[in-house]
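Now for the letters of each chain:
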Amino acid sequence: MTNADTVKQIYEAFGRGDVPFIIGQLAPDVAWDLWQYGNGAQDGGVAYMQERKGAENVTGFFQAVGETLDVSRFEVQGVHDDGDVVIVQFLIDATNRATGKSFVDEEVHIWEFGPDGKVVKFRHVIDTAKHVAASKP
């Protein structure tokens, strides 16, 4: 199985709410949404975009998404395999439960794999302004 196959399985698991499967694909010390030069969504307080270190802490991402967003469209538009790095073009249409504000975002997800086939780093490349605006009253 390739790393791209693993990523496809992760999105399928997300779609069915199988977070334990996803966590099982992560390295114990995975870096989740860690940005060296900052991230506007993190700075803007978007709960699901906060950086997390370690597989056990990534469950907080899925919990925050579940508590914050009603997702009406969740679509992988392309998977690009470069061996240890897999890039996914992604479309999401969601509404923030607390504010009632909706957004559609074309995102890029970057998955980096270690030699054991586990995800060692993951980042969302998003339109941070859309996510921040949807989270503010």
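See the structure printed just above.
Source: prediction; values computed, not measured. (Residues numbered from 1 in each chain as written. Predicted model: local features only at pLDDT ≥ 70, side-chain atom pairs only at ≥ 80, totals over all residues. Heavy atoms only, no water.)

1. Focus: the overall build of the chain
At step 1: Scanning the chain from N- to C-terminus turns up five helices and six strands.
At step 2: For the chain, the sequential pattern of α-helices and β-strands runs α-α-β-α-β-α-β-β-β-β-α.
At step 3: For 137 residues, the compact-globule estimate of 2.2 N^0.38 gives 14 Å, and the chain sits close to it at 14 Å.
At step 4: For the chain, the spread of C-alpha atoms along the three principal axes comes to 45 × 25 × 25 Å.
At step 5: When the 137 residues of the chain are sorted by exposure, 42% land in the buried category.
At step 6: Restricting the contact set of the chain to residue pairs at least 6 apart, pairs at least 24 apart contribute 51%.
At step 7: Counting every atom, the chain has about 6,900 Å² of accessible surface; 51% of that belongs to carbon and sulfur.
At step 8: Charge separation in the chain, taken as the distance between the mean sites of 12 positive and 21 negative side-chain charges, equals 4 Å. (Helix = DSSP H or I, 4+ residues; strand = E, 2+ residues; numbered from the N terminus. Rg over C-alpha atoms; globule rule 2.2 N^0.38 Å. Buried < 20%, exposed > 50% of the residue type's maximum accessible area, 1.4 Å probe, protein only. Contact = heavy atoms within 4.5 Å. Areas by Shrake-Rupley, 256 points an atom, 1.4 Å probe, with all protein chains shown as cover. Lys, Arg positive; Asp, Glu negative; His and termini not counted. Charge placed at Lys NZ, Arg CZ, Asp CG, Glu CD.)

2. A word on the sheet that holds strand β1 (residues 26–32)
At step 1: Pairing is mixed in the open sheet, where six strands are placed in the order β2-β1-β6-β5-β4-β3. The open sheet has two free edges, formed respectively by β2 (52–53) and β3 (69–82), since each of these has just one partner strand.
At step 2: Each of β4 (85–96) and β5 (102–113) is contacted by helix α5 (residues 128–135), which is oriented at about 125 degrees to β5, the strand it contacts most. (Pairing = 2+ DSSP bridges. Axes fitted to C-alpha atoms, helices over the stretch in contact; angles between N-to-C directions.)

3. A look at the pairing of β4
On a regular strand, one side chain projects to one face of the sheet and the next to the other, so that they alternate.
At step 1: Two strands pair when backbone bridges link them, and β3 and β4 are joined in this way by twelve bridges, in the antiparallel orientation. Bridge pairing links aspartate 82 to valine 85 in β4.
At step 2: Between β3 and the antiparallel strand that follows it, β4, lie two residues; glycine 83 among them carries a positive phi value of about 80 degrees.
At step 3: Between β4 and β5, which pair antiparallel one after the other, the connecting turn spans five residues, and glycine 100 there sits at a positive phi close to 75 degrees.

4. Re the pairing of β5
At step 1: When β4 meets β5, the two strands line up antiparallel, connected through eleven bridges. Its bridge partner lying in β5, isoleucine 87 is registered against isoleucine 110.
At step 2: Of the pairings in the sheet, the one linking β5 to strand β6 (residues 119–125) comprises six bridges and is antiparallel in character. If you follow histidine 109 over to β6, its bridge partner there is histidine 124.
At step 3: In textbook terms, the turn of a hairpin is the stretch between consecutive antiparallel strands, and for β5 and β6 this stretch comprises five residues, one of which, glycine 117, has a positive phi near 80 degrees.

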